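Each chain, letter by letter, is given below.
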Amino acid sequence: MKTENYIPQKAKIIKKEYLCDDVISLRLKVLGRKSFSFLPGQFVMLSVLGFGEVPIGITSAPKEKRYFEVAVRSVGMVTKKIFTLKEGDYIGVGGPFGNGFPLSEIKGKDLVLVAGGIGLAPLRSLIKHIAENRRLVKSLTIFNGARCPEQLLFRDEYSDWRDFSEVSLSVESCDSSWKDCVGNISEIFGRTKIKRGSIMIVCGPPPMFDPVINHYAGKSVSESDLYFLLERKMKCGVGKCQHCTCGELYVCLDGPVFAYDKIKYNQEAFK
Amino acid sequence: MAKIIYDTQIGDFLDHLAEEYAVFLPTENNPRSFSAQFKFGRYQKGTKPILNYPLTVLPPKEFIFPAEDVLFKYQKEQIIEAKPQKQIIFGLSYDDLEGIEKLRKVFEVPVRDKPIVDKLENTILIAIDRYSPPGSISFDLYLQEIEKGVFVAFVGSKKGKTLLGKGKFKDHKIQVPTIIFKKDPLLNDPNLSMAFKKSKDHPIWSELSKKCFGCGICSYVCPLCYCYDVKDKPEFGAESCGVRCRTWDSCLLKNFAETSNHNFRTELKDRIYNWYFHKFVRMPKEFGFSGCVDCNRCVVYCPAGINYRKVLKRVLDDYKKGLKK
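Residues numbered from 1 in each chain as written. Chains lettered and ligands numbered in written order. Predicted model: local features only at pLDDT ≥ 70, side-chain atom pairs only at ≥ 80, totals over all residues. Heavy atoms only, no water.

Concerning the domain arrangement of chain B
Residues and elements named next belong to chain B. As far as domains go, chain B holds domain 1 (2-65 + 83-172) and domain 2 (185-227 + 249-324). Domain 1 and domain 2 are separated by 29 Å when their C-alpha centres are compared. Tallying the contact residues gives 20 residues for domain 1 and 22 residues for domain 2. Both sides of the domain 1 and domain 2 interface together cover about 1,600 Å² of buried area, and 65% of this is carbon and sulfur. Run the count over domain 1 and domain 2 and you get one salt bridge. The partner of Arg 297 in a salt bridge is Asp 96, with the nearest N and O atoms 2.9 Å apart. Remark: the boundary between domain 1 and domain 2 carries five residue pairs in polar contact (both at pLDDT 80 or more). (Domains from an automatic or database assignment. Contact = heavy atoms within 4.5 Å. Buried area = accessible area lost by both parts, 1.4 Å probe. Salt bridge = Lys/Arg side-chain N within 4 Å of Asp/Glu carboxyl O. Polar contact = N/O pair within 3.5 Å; in protein donor to acceptor, adjacent residues only side chain to side chain.)

What follows is the structure, encoded as structure tokens:
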């Protein structure tokens with residue numbers, strides 16, 4: 001049986017980059033470990049002694065095991081402190097936790113990823129995984145929305161992604177130089193047709209879920225092929241602290257990735 | 001043959017135990033305290049132990065899962081794991097023993113929680129009650145009071161057996177009465193879990209939310225509420241040193257299900273429902289038992305006078321009425 005002692009492993013920040021004004025990307029190397037294995041869609045607990053810990057999704061490709069990357073948005077005390085850390089500083093790491101994306105279910109299928117804001121961060125791990133295993137899926141479509149062009153994360157990677165996927169962007173506010181969709185992400189849904197029988201994975205703020213369900217669930221995407229990554233503020237990652245429960249489910253153990261048909265009637269999942 | 005010990009000999013037994021272990025037992029509270037009369041406290045050698053007490057304000061979970069438990073200390077970058085002390089919890093009632101047993105399961109599966117399992121492994125449980133010892137619940141020693149001041153010892157473990165040598169237990173040929181501990185039959189109702197699962201839209205939750213203060217007392221005094229928060233406490237004046245603590249939390253508190261941009265249970269009625277849902281749906285599904293040992297503490301200490309038995313009864317009755325329709 002798995003044992004958890006809640007002692008963070010020491011990791012070194014080997015790279016720090018700003019993705020936008022309030023989001024940074026950190027590349028972390030866990031000390032004393034040759035490899036750090038994880039699945040796309042899993043999360044870690046990042047901890048700064050004296051400040052606390054927070055659950056954060058992994059953004060890098062699982063093939064690279066010497067280090068991993070995370071994207072952190074500055075919102076609370078711990079994440080603000082993480083912002084002040086520099087390359088060469090140390091940070092605590094717990095995990096990885098959670099089930100990750102349904103890698104065996106997407107095999108050979110048309111895959112559509114729907115990202116809102118920082119929801120792109122965990123999906124990037126999957127995108128990079130597909131970049132290295134292009135035959136994994138039949139096709140890849142990425143819908144990515146943000147408040148404004150500056151808030152679109154990993155902007156300098158989109159041209160690489162377009163080599164093996166179709167990337168559609170939308171922003172809620174912009175100036176006249178913006179050529180893509182304007183409005184919330186559901187603007188893209190009307191403009192871009194997806195193939196029947198596609199698998200869709202959605203990661204973003206809860207207000208984004210309803211438009212996705214209304215537009216796709218049980219229509220071009222079957223309910224069992226539509227996945228949501230749910231965000232909760234876990235304090236343990238191992239199903240004890242109760243902060244992430246949705247009815248009978250634990251986001252940290254049973255999720256964070258859930259098929260829509262499994263949570264459709266769960267009144268706490270989409271609250 | 002039964003091993004017998006008399007109330008007058010228990011102080012001496014405890015004195016011997018206290019030489020080797022930190023012993024905790026029911027003690028009388030400060031008489032000026034407005035809350036409970038009794039609480040678990042450290043045994044002081046030579047003091048007269050309390051062998052009959054109605055209910056302690058906090059259940060003995062506080063020695064396994066303390067209100068504030070140090071997970072580790074840190075000094076600059078160095079982390080020092082907390083080590084559990086060898087302890088005895090003496091004088092647990094039947095239901096408190098059951099509470100500890102269930103808490104053990106909660107922290108053992110599906111992931112083993114090392115700090116708590118370590119504490120349990122370093123803890124000896126000695127229960128006292130008038131009921132016959134439980135068959136399915138583990139203990140080290142169980143003292144059944146068969147008449148006033150006369151206790152029959154039942155051994156539940158190797159450790160418990162060696163402890164017999166520390167007291168003046170004597171062999172006697174006597175008939176030990178069988179007294180079965182009975183819970184409120186509501187708690188054994190086979191429909192209980194399904195009734196709560198289907199009762200999200202029952203009007204009772206919004207009715208309760210008008211009375212309930214959302215203060216979380218019921219969680220703190222419950223032997224089987226175990227949700228928690230994790231906090232770092234730096235030392236003032238030496239901020240590179242401090243401790244990371246696990247602290248009691250309550251799902252009734254407003255910010256319990258808050259994330260960086262959303263609160264998933266803003267309404268008190270949803271939080272009250274979740275409190276019951278955890279005990280009577282999620283825990284039975286996860287562990288095969290409910291999260292209530294019927295100890296009555298949440299009834300005694302609820303400032304709003306909410307009684308879970310009334311809630312259970314109404315939810316069950318309405319569910320059964322619905323089935324008949």
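Let's pick the thread back up.
Points about the sheet that holds strand E11 (residues 181-182) of chain A
Strand pairing in a sheet takes place through backbone hydrogen bonds and is either antiparallel or parallel in direction. All names here are of chain A. The mixed open sheet is built from seven strands, whose spatial order is E11-E10-E9-E8-E12-E13-E16. Lying at the two open borders of the sheet, with one neighbouring strand each, are E11 and strand E16 (257-259). Pairing of strand E8 (residues 110-116) with strand E9 (residues 139-146) involves seven bridges; the strand directions are parallel. What sits directly across from Val 114, in E9, is Phe 143. Packed onto the sheet, helix H2 (residues 120-132) meets E8, E9, strand E12 (199-203) and strand E13 (226-229) and runs at close to 150° relative to E8. On top of the sheet, helix H5 (residues 209-216) reaches E8, E9, E12 and E13; it is set at about 175° to E13, its chief contact. (Pairing = 2+ DSSP bridges. Helix = DSSP H or I, 4+ residues; strand = E, 2+ residues; numbered from the N terminus. Axes fitted to C-alpha atoms, helices over the stretch in contact; angles between N-to-C directions.)

Brief notes about the environment of Glu 105 of chain A
All names here are of chain A. Turning to its location among the elements, Glu 105 is positioned in the loop between strand E7 (90-97) and E8. C-alpha of Glu 105 to C-alpha of Ile 199: the two residues are 94 residues apart in sequence and 8.3 Å apart in space. Residues contacting Glu 105, with those up to four places away along its chain left out, are Ile 199 and Tyr 227.

A look at the environment of Cys 222 of chain B
All names here are of chain B. Position of Cys 222 relative to the elements: it lies in the loop between helix H7 (217-220) and strand E12 (228-235). The exposure class of Cys 222 is buried, given its relative accessible area of 10%. Sequence separation of Cys 222 and Pro 49 is 173 residues, and the distance between their C-alpha atoms is 24 Å. When neighbours within four sequence positions are excluded, Cys 222 is seen to be in contact with Pro 59, Lys 61, Lys 279 and Gly 291. (Buried < 20%, exposed > 50% of the residue type's maximum accessible area, 1.4 Å probe, protein only.)

Details of helix H3 (residues 114-121) of chain B
Burial analysis of H3 of chain B places six of its eight residues in the buried class, which makes it a mostly covered element. Of the residues making up H3 of chain B, those classed as buried are Pro 115, Ile 116, Val 117, Asp 118, Lys 119 and Leu 120 of chain B. Buried-residue contacts for H3 of chain B involve strand E1 (3-4) of chain A together with strand E4 (68-75), helix H2 (94-108), strand E7 (112-113), strand E8 (123-129) and strand E13 (238-248) of chain B.

As for the packing of aromatic side chains
The final tally for this structure, using the stated rule, is 35 aromatic pairs over all chains. Ring geometry for Phe 36 of chain A versus Phe 38 of chain A: centroids 6.2 Å apart, planes at 40°, classification tilted. The residues Phe 36 of chain A and Phe 38 of chain A share a single accessibility class, namely buried. Each residue in the set Phe 196, Trp 205, Tyr 273, Trp 275, Tyr 276, Phe 277 and Phe 280 of chain B is aromatic and connected to the rest through ring pairs, giving one cluster. The ring of Tyr 228 of chain B carries the charged tip of Arg 246 of chain B above its face, separated from the ring centre by 4.8 Å. Stacked on the ring of Tyr 250 of chain A, the Lys or Arg Arg 282 of chain B has its end atom at 6.0 Å from the ring centre. (Phe/Tyr/Trp six-rings, centres within 6.5 Å; stacked < 30°, edge-to-face > 60°. Lys NZ or Arg CZ within 6 Å of the ring centre and 35° of its normal.)

Notes on the domain arrangement of chain A
Residues and elements named next belong to chain A. For chain A, the domain assignment lists domain 1 (9-97) and domain 2 (110-229). In this structure, domain 1 and domain 2 have C-alpha centres spaced 24 Å apart. Facing the 18 residues of domain 1 at the interface are 16 residues of domain 2. Summing the contributions of domain 1 and of domain 2, the shared interface buries around 1,300 Å²; its carbon and sulfur component is 60%. Where domain 1 packs against domain 2, one counts one salt bridge. The partner of Arg 124 in a salt bridge is Glu 69, and the shortest N-O contact between them spans 2.9 Å. Linking domain 1 with domain 2 are five residue pairs in polar contact (both at pLDDT 80 or more). Elements with a contribution of two residues or more to the side of domain 1 that touches domain 2: strand E2 (9-20) and strand E6 (68-73).

Here we look at the pairing of strand E4 (residues 43-48) of chain A
All names here are of chain A. The element E4 is largely enclosed, with a buried count of six among its six residues. What you see with E4 is no split at all: Phe 43, Met 45 and Ser 47 on one side and Val 44, Leu 46 and Val 48 on the other are buried throughout. Relative to strand E5 (residues 52-57), E4 is paired through six bridges, and the arrangement is antiparallel. Within E5, the position partnered with Met 45 by the bridge is Pro 55. Where E4 meets E7, four bridges bridge the pair, whose relative direction is antiparallel. By the bridge assignment for E7, Ser 47 is matched with Gly 92.

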